[in-house]
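# Examining the three-dimensional arrangement
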Amino acid sequence: MDSAAVTATWWGHATVWLEDSGVRLLTDPLLGERLAHLRRVRGPRPVLPGPPDAVLVSHLHADHLDIPSLRRIPPDTVFVVPRGATGLIHRRLGGHYSGNCVELAAGEETKIKDVTVRAVPAAHDGGRGPWSRLRGDALGFLIEGSARTWFAGDTGLFDGMSLLGPVDLALVPVGGWGPSLHPSQHLDPAGGAEAVRRVGASAAIPIHYGTFWPVGMGRVRPHMFHSPGTEFARLTGERLPEVRTHLLAPGETADLGAS
């Protein structure tokens, strides 16, 4: 792995700007200050360094497939999405966007310049929401260029997770945006550390925590907002001392070539 060629900037929640082999990828963009009853309470509003080569959307939930955020991205960008998402994007954003969608199911892959993006399973509900009949499988992605990076999307632990590894970098969710998480569909810090062990990651970045929180709930279980990243780093340090954990604040960048 030419790790010096790989950087990852976490912009909060599941939004990561990943650069590998000169290819710029953006995961699950959530770029605004609010989403329904959620507001951004930590970190700056994302300022992208330019247009990405591709956007990777893991599933249809509104905090991962956010239409206003996609509208801020040039329509000629490649949008790698789960099967079933293109119709929603066409209805909300038009043919200029949907015409550049690449739908994948788990096990399928596409090429973005010098990087291969392969869809992999995730244990998570794939529907748009309880108000919608629109469904599609939830996915993670393996990104293979100079490094092998696993973007988990939103997931619980599942049988076969170890088959995804080994990976150089795991972008792993460790929390959520509310006071409860369904354990079969989400990872907490301990589950995130176990996921890192299963995929044999050399380095890990905790994501999907500490950014958005429901309006009016700032005093409700604040530890679930603030502590998942540090707890994940503590657990991986104790259980997986060989793994290099990058504990980022929103807007910070990890250089995989740094010691």
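Residues numbered from 1 in each chain as written. Predicted model: local features only at pLDDT ≥ 70, side-chain atom pairs only at ≥ 80, totals over all residues. Heavy atoms only, no water.

## Topic: the overall build of the protein
Looking only at helices and strands, the protein features six helices and 17 strands. Going through the 259 residues of the protein one by one, you find that 54% of them count as buried. Across the protein, every contact between residues at least 6 apart in sequence was considered, and the portion connecting residues at least 24 apart equals 64%. (Helix = DSSP H or I, 4+ residues; strand = E, 2+ residues; numbered from the N terminus. Buried < 20%, exposed > 50% of the residue type's maximum accessible area, 1.4 Å probe, protein only. Contact = heavy atoms within 4.5 Å.)

## Examining the environment of threonine 110
Residue position: threonine 110 is located in strand β9 (residues 109-112). For the pair formed by threonine 110 and valine 80, sequence separation is 30 residues and the distance between their alpha carbons is 8.4 Å. In this structure threonine 110 touches Val80, Val102, Leu104, Val115, Thr116 and Val117, once residues within four positions along its chain are discounted.

## Topic: the sheet that holds strand β4 (residues 34-35)
Backbone hydrogen bonds are what pair the strands of a sheet, in a parallel or an antiparallel way. Overall, antiparallel pairing links the three strands, which are arranged β4-β5-β15 in an open sheet. The sheet is open, and its two borders are formed by β4 and β15 (212-214), each paired with just one other strand. Across two bridges, the pairing between β4 and strand β5 (residues 38-40) is antiparallel. Bridge pairing in β5 places arginine 34 opposite arginine 39. (Pairing = 2+ DSSP bridges.)

## Focus on the side chain of aspartate 28
Residue position: aspartate 28 is located in the loop between β3 (23-27) and β4. Sequence-distant contacts of aspartate 28, that is, excluding residues within four places in its chain, are made with Ala14, Thr15, Leu56, Val57, Ser58, His64 and Phe151.

## Section: the nonpolar core
Leu25, Val117, Trp150 and Val196 are the most contacted members of the largest nonpolar core, which totals 53 residues. Sequence-distant contacts of tryptophan 150, defined by excluding residues within four places in its chain, comprise Val120, Phe141, Leu142, Met161, Leu164, Val167, Leu169, Ala170, Leu171, Ala195 and Val199. (Core = buried A, V, L, I, M, F, W, Y, C linked by side-chain atoms within 4.5 Å.)

## What to know about the sheet that holds strand β13 (residues 167-173)
Taken together, the seven strands give an open sheet; going across it, the order is β9-β10-β11-β12-β13-β14-β16, and neighbouring strands pair in mixed fashion. Strands with a single pairing partner mark the edges of an open sheet, and in this sheet they are β9 and β16 (244-245). One ladder, built from three bridges, connects strand β12 (residues 148-151) with β13; its direction is parallel. Residue pairing for β13: tryptophan 150 is matched across the bridge by alanine 170.

## Topic: the pattern of salt bridges
Once the charged atoms of two side chains with opposite charge are near each other, the side chains can pair. Inspection of every chain in the model, using the stated rule, returns eight salt bridges. Across the pair arginine 234 and glutamate 238 runs a salt bridge whose closest N-O atoms are separated by 2.8 Å. In this pair, arginine 234 and glutamate 238 both sit in helix α6 (residues 228-239), four residues apart, roughly one turn of the helix. For glutamate 238, a relative accessible area of 54% translates into the label exposed. The network of salt bridges with shared partners includes Arg83, Glu103 and Glu108. (Salt bridge = Lys/Arg side-chain N within 4 Å of Asp/Glu carboxyl O.)

## A closer look at helix α4 (residues 189-199)
Within α4 the residues assigned to the buried category are Pro189, Gly191, Gly192, Ala193, Ala195, Val196 and Val199. For α4, the elements touching its buried residues are β12, β13, β14 (201-207) and α6.

## So, the packing of aromatic side chains
The relative placement of two aromatic rings is captured by the distance of their centres and the angle of their planes. Applying the stated criterion to the full structure yields two aromatic pairs. Ring plane angle 20 degrees and centroid distance 5.2 Å describe the contact between tryptophan 10 and tyrosine 209, whose orientation is recorded as stacked. In this pair, tryptophan 10 sits in strand β1 (residues 6-10) while tyrosine 209 sits in the loop between β14 and β15, placing the two residues 199 residues apart along the sequence. For tyrosine 209, a relative accessible area of 4% puts it in the buried group. (Phe/Tyr/Trp six-rings, centres within 6.5 Å; stacked < 30°, edge-to-face > 60°.)

## Here we look at the pairing of β13
Note on strand geometry: in a regular strand, side chains alternate between the two faces of the sheet. In terms of burial, β13 is a largely internal element, six of the seven residues being buried. Judged from the six bridges that link them, β13 and β14 form a sheet pairing that is parallel. Its bridge partner being in β14, valine 172 is matched across the sheet by proline 206.

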